[in-house]
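# Descriptive structure summary
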Amino acid sequence: MTAKIIDGKAVAAEVRAEVAAVVAQRVEAGKSRPGLATVLVGENPASQVYVRMKQKACAEAGIESFGYNLPEDTSQEDLEKLVRELNADERVNGILVQLPLPKHLDEERVLAAISLDKDVDGFHPVNIGRLAQKGRKPQFIPCTPAGCMLLLRKNLDSLEGVNAVVLGRSNIVGMPVALLLVEANATVTICHSRTKNLPDVVRQADVLVAAVGRPEMVRGDWIKPGAVVIDVGVNRIDDPSAKNGTRLVGDVAYDEAVEVAGAITPVPGGVGPMTIAMLLQNTLKAAELSDKQ
Ligand SMILES: Nc1nc2c(c(=O)[nH]1)N[C@@H](CN(C=O)c1ccc(C(=O)N[C@@H](CCC(=O)O)C(=O)O)cc1)CN2
């Protein structure tokens, strides 16, 4: 039997429509239009695409976006100064610093400079710290991990006691999604480049979240029959038979895994679109928080 395909694009469209409806209501009621500042340093082509996608999604949801494109050689001081100005800007409810930053910049210091109330990416050390502590609630949950959890909740009755394996330990996806799975009472194993007998560990997973950034690394025979597979990888590989000579693949060998898994996210059209939908949701939440201040 082939797996159920988890249509992230459709779920993301639902989230985006809900956000757009609430934004329209709040503007109608005389409240401010939510605003998102996007900060892009340098000319990483993938980052440029993602920032444009975020700005377009904001426009479609009625959220105002303020784009700041800074040169590659921007100094730490100038970047932090911009962040402080955006912290003080009343039109801006959320600040998004696109990652990765150029190597000479200290990402941790930049993220820590963002006001907690505007940390719509959820990467501020206090938000991540709260995520890691029992009984504490972060103001904002990082977007891709939040998207993974929504897809899981829509496709599983409960995460209680399930064996969840997270492949990858990045700050953007692997670590926060593992913390969210723990909070949901799953039994979580985090795997990484030094994990021994990786295929055997992955075979124990009722839920697999693959976020290593290695094209099609997880093979079909690593998957437990019936498992729910969330593929976070977005890898561009050469393919002479594709339209422009390249195509996107995930971290999971989809054609093999689809024959074994119970449900699986495709790439593209799975987790990726959820990232932007959750960013809009966080930006709306930030605007609602600012109403109360
Ligand atoms: N500040 C941040 N930086 C980065 C984040 C983040 O959440 N905050 N995540 C990633 C990249 N990312 C958003 O920034 C992102 C990745 C993928 C997609 C997406 O929709 N992918 C599509 C395919 C798009 C394509 O054709 O290239 C899909 O999977 O269907 C959206 C956002 C790193 N940086």
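Predicted model only: the values in this text are computed from it and were never measured. Along each chain, the written sequence defines residue order, and numbers are assigned to residues from 1. Side-chain atom pairs in this predicted model are given and counted only at pLDDT of 80 or more, local residue features only at pLDDT of at least 70, and totals for whole chains, interfaces and linings cover all residues.

## A word on the site of the ligand
Which entries qualify depends on this criterion: Defining nearness, a residue is near a molecule or strand when the C-beta atom obtained from its backbone falls within 6 Å of it. A helix here means a DSSP run of H or I that spans at least four residues, while a strand means a run of E at least two residues long, and both kinds are numbered starting from the N terminus. Any residue that is not Ala, Val, Leu, Ile, Met, Phe, Trp, Tyr, Cys, Pro, Asp, Glu, Lys or Arg is counted as polar, Gly included; the first ten are nonpolar and the last four charged. An automatic or database domain assignment supplies the start and end points of every domain.
Every one of the 20 residues lining the ligand counts as a neighbour, but Y50, L99, P268, G272 and T275 are closest to it. When contributions to the shell around the ligand are tallied by element, the ones reaching two or more residues are α2 (45-61), β4 (94-97), α6 (143-155) and α10 (271-291). Top contributing element to the shell around the ligand by residue count: α10, with four residues. Of the residues in the shell around the ligand, the class split is 14 nonpolar, five polar and one charged. Here the shell around the ligand gathers at least three residues from each of two domains, domain 1 (30-115) and domain 2 (143-272).

## A look at the UniProt feature "domain: Tetrahydrofolate dehydrogenase/cyclohydrolase NAD(P)-binding" (unreviewed entry) in the chain
Stated formally: UniProt positions are given in the numbering used here, feature names are shortened, and annotations may be inferred rather than shown by experiment.
Mapped onto the present numbering, the UniProt feature "domain: Tetrahydrofolate dehydrogenase/cyclohydrolase NAD(P)-binding" (unreviewed entry) falls at residues 142-289. Between the C-alpha atoms that bound residues 142-289 there is a distance of 17 Å. The span itself is 34% helix and 19% strand.

## What about the sheet that holds strand β2 (residues 35-41)?
The line we're drawing: DSSP bridges decide pairing: two strands pair if at least two such bridges lie between them. Lines fitted to C-alpha atoms define the axes here, with helix axes fitted over just the stretch in contact, and angles between the N-to-C directions of these axes take values from 0 to 180 degrees. Once C-beta atoms are placed from the backbone, any two residues with those atoms within 7 Å are in contact.
Spatially, three strands are ordered β3-β2-β4 in an open sheet, and the strand pairing comes out parallel. Sheet topology places β3 (64-70) and β4 at the edges, where each strand pairs with a single neighbour. Sheet twist, expressed as the mean angle between neighbouring strand axes with direction ignored, is 15°. Inspection of the sheet shows β2 paired to β4 by four bridges, in the parallel sense. Looking at β4, one finds that T38 is bridged to L96. Lying on the sheet, helix α3 (residues 76-88) is in contact with β2, β3 and β4; it crosses β2 at an angle near 175°.

## Details of the environment of E64
Stated precisely, the cut-off is as follows: Put simply, a residue is buried when 20 or more other C-beta atoms lie within 10 Å of its own C-beta and exposed when 12 or fewer do; between those, it is partly exposed, and each C-beta is set from the backbone.
Here E64 lies in strand β3. The exposure class assigned to E64 is partly exposed, which follows from the 17 C-beta atoms found within 10 Å. Taking the C-alpha atoms as reference points, E64 and G35, 29 residues apart in sequence, are found 4.5 Å from one another. Ignoring sequence-local partners within four residues, the contact set of E64 consists of R33, G35, C58 and R91.

## Description of the UniProt feature "domain: Tetrahydrofolate dehydrogenase/cyclohydrolase catalytic" (unreviewed entry) in the chain
Within this structure's numbering, the places UniProt gives as "domain: Tetrahydrofolate dehydrogenase/cyclohydrolase catalytic" (unreviewed entry) are residues 6-121. With 50% helix and 16% strand, residues 6-121 has its two end C-alpha atoms placed 24 Å apart.

## Focus on the sheet that holds strand β1 (residues 4-5)
Pairing is parallel across the open sheet formed by six strands, whose spatial order is β1-β11-β8-β7-β5-β6. Looking at which strands have only one partner, the edges of the open sheet turn out to be β1 and β6 (187-191). As judged from the four bridges shared by strand β5 (residues 163-167) and strand β7 (residues 207-210), these two strands associate in the parallel manner. Of the residues in β7, the one forming a bridge with L167 is A210.

## Quick look at the environment of V83
Within the secondary structure, V83 sits in helix α3. The buried category is assigned to V83, around which 22 C-beta atoms lie within 10 Å. Distance from V83 to A29, taken between C-alpha atoms, is 30 Å for residues 54 residues apart in sequence.

## Remarks on the nonpolar core
This is how the line gets drawn: Note on terminology: a nonpolar core is any set of buried Ala, Val, Leu, Ile, Met, Phe, Trp, Tyr and Cys residues joined through C-beta atoms within 7 Å.
Among the nonpolar cores identified, the biggest contains 91 residues, and V166, L167, L208 and V209 are the most heavily contacted of them. In terms of residues, this core owes the most to one element, α10, which gives 10 residues. Residue-level mapping places this core at the junction of two domains, with at least three residues from each of domain 1 (30-115) and domain 2 (143-272).

## Quick look at the confidence of the model for the chain
Stated formally: Confidence scores here are pLDDT values: one per residue, from the predictor, ranging 0 to 100.
For the chain, mean pLDDT is 97; residues scoring 70 or higher make up 100% of the total. Quick note on the complex model: pTM equals 0.97, ipTM equals 0.98.

## Brief notes about the domain arrangement of the chain
Domain boundaries assigned for the chain yield domain 1 (30-115) and domain 2 (143-272). For domain 1 versus domain 2, the separation of C-alpha centres amounts to 28 Å.

## Quick look at the environment of G42
By the secondary structure assignment, G42 is in the loop between β2 and α2. In contact with G42, other than residues within four places in its own chain, are E72 and P102.

## Points about the pairing of β3
We apply this condition: A crossover gets the label right-handed when its path from the first strand over the helix to the second runs clockwise, viewed with the strands pointing away from the viewer.
Relative to β3, β2 is paired through seven bridges, and the arrangement is parallel. Directly across from T38, in β3, lies its bridge partner G67. In terms of handedness, the path from β2 via α2 over to β3 forms a crossover that is right-handed.

## Re helix α1 (residues 8-28)
For clarity, the threshold we go by: Working rule for helices: expected span equals 1.5 Å times residues minus one. Throughout, the arc means that of the directions going from the helix axis to the C-beta atoms.
Here α1 spans 30 Å end to end across 21 residues, near enough to the 30 Å set by a 1.5 Å rise per residue. The set of residues buried in α1 consists of G8, V11, A12, V15, V19 and V23. The arc that holds the buried residues of α1, viewed along the axis, is 110°, so those residues lie on one side. In α1, the exposed positions angled more than 90 degrees off the buried face are occupied by A10, E14, A21, Q25 and E28. Where α1 is buried, its residues meet α2, α6 and α10.

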